[in-house]
Amino acid sequence: MAGRWMDLGAFNARGMSGADALGIAIERMVTGIASPVDSERGLAARLNYLTKTDAGYEAMDRAGIHVSPRTLMAWLAEERTPNKANRSRLDAAYWDLRRRNVATDLKKRLNRDGRGTRVEINPVDQSRVEGKRQRDLSSRSINVRGVWDRAVDAWMNDDVDELDAIWDDIIQDLGSEYDAYSNVSSIGWAA
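Residues numbered from 1 in each chain as written. Predicted model: local features only at pLDDT ≥ 70, side-chain atom pairs only at ≥ 80, totals over all residues. Heavy atoms only, no water.

Novice: It is not clear to me how the packing of aromatic side chains should be interpreted in this structure. Could you clarify?
Specialist: Summed over all chains, the structure comprises three aromatic pairs. For the ring pair Trp-148 and Trp-189, a centre distance of 5.1 Å and an interplane angle of 70° mean the geometry is edge-to-face. Here Trp-148 is found in helix H6 (residues 148-156), whereas its partner Trp-189 is found in the segment after strand S4 (183-188), with 41 residues between them in sequence. Overall, Trp-148 belongs to the buried group, its relative accessible area being 0%. Taking relative accessible area as the criterion, Trp-189 reaches 17% and is therefore assigned buried. One aromatic cluster is present, formed by Tyr-49, Tyr-94 and Trp-95 through successive ring pairs. Note that Arg-46 overlies the ring of Tyr-94, its terminal NZ or CZ placed 5.4 Å from the centroid. Lying across the ring of Trp-155, Arg-99 places its NZ or CZ 4.3 Å from the centre. (Phe/Tyr/Trp six-rings, centres within 6.5 Å; stacked < 30°, edge-to-face > 60°. Helix = DSSP H or I, 4+ residues; strand = E, 2+ residues; numbered from the N terminus. Buried < 20%, exposed > 50% of the residue type's maximum accessible area, 1.4 Å probe, protein only. Lys NZ or Arg CZ within 6 Å of the ring centre and 35° of its normal.)

Encoded structure:
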């Protein structure tokens, strides 16, 4: 990781690492069932999504849902309701499967046939930093290409070290002040 902000917050600057911001921005692209798992509609939709494919059953297994086929059928028929712990596991399994199912689409959308995606980088919030310690930083826009497959794979695997390395690759294109953007308040794009 680039190093000027290694002690972020020492002078009251607020932000996060670029790797965290990158992961958050990719995560925001994943949409799904809006109804909460505690609602009848939300639970039914998750169960339906998870039981349509083998990948759904694998996601439930990864989430720790180990119930008999009879219990699962009772849940699907709405004869029984999963306990709170299993509802939480069903929600986790749903989002795990959803992330896996959209990963290919995310790569395609972010790469845009090799043209990449225009990313807006907002610097750390220095509003609480004493004037003499503030740095002159502005929002920056940069076209990012060639890293999106790696970034989505790292996000899928929760590989923060790889996201950090990718973020360092991205900010290198900012020129001599790249290190000032190793931590940011946010990043965003339209893809």
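Novice: Help me out: how do you make sense of the side chain of Ser-35 in this one?
Specialist: Note on placement: Ser-35 falls in the loop between helix H1 (18-27) and helix H2 (40-50). Ser-35 has contacts with Arg-41, Gly-42 and Arg-46, leaving out every residue within four places of it along the chain. (Contact = heavy atoms within 4.5 Å.)

Novice: I tried to follow the sheet that holds strand S1 (residues 16-17) on my own but got confused; where do I start?
Specialist: The pairing of strands in a sheet happens through backbone hydrogen bonds and is either parallel or antiparallel. In space, the four strands of this open sheet follow the order S1-S4-S2-S3, with antiparallel pairing throughout. The strands lining the two open edges of the sheet, one partner per strand, are S1 and strand S3 (140-144). Note that strand S2 (residues 117-123) and S4 share four bridges and pair antiparallel. Bridge assignment links Pro-123 to a residue of S4, and that residue is Val-184. (Pairing = 2+ DSSP bridges.)

Novice: It is not clear to me how the pattern of salt bridges should be interpreted in this structure. Could you clarify?
Specialist: Should their charged atoms come close, side chains of opposite charge can pair. Under the counting rule described, the total for this entry stands at 10 salt bridges. Where Arg-46 meets Asp-91, a salt bridge forms, and the shortest distance between an N and an O atom there is 2.7 Å. A residue pair is termed long-range when its members are at least 10 positions apart, and Arg-46 in helix H2 and Asp-91 in helix H5 (residues 84-111) qualify at 45 residues. Here Arg-99 ties to Asp-158 by a salt bridge, and the two come within 3.8 Å at their closest N and O atoms. Here Arg-99 is found in helix H5, whereas its partner Asp-158 is found in the loop between H6 and helix H7 (160-172), with 59 residues between them in sequence. (Salt bridge = Lys/Arg side-chain N within 4 Å of Asp/Glu carboxyl O.)

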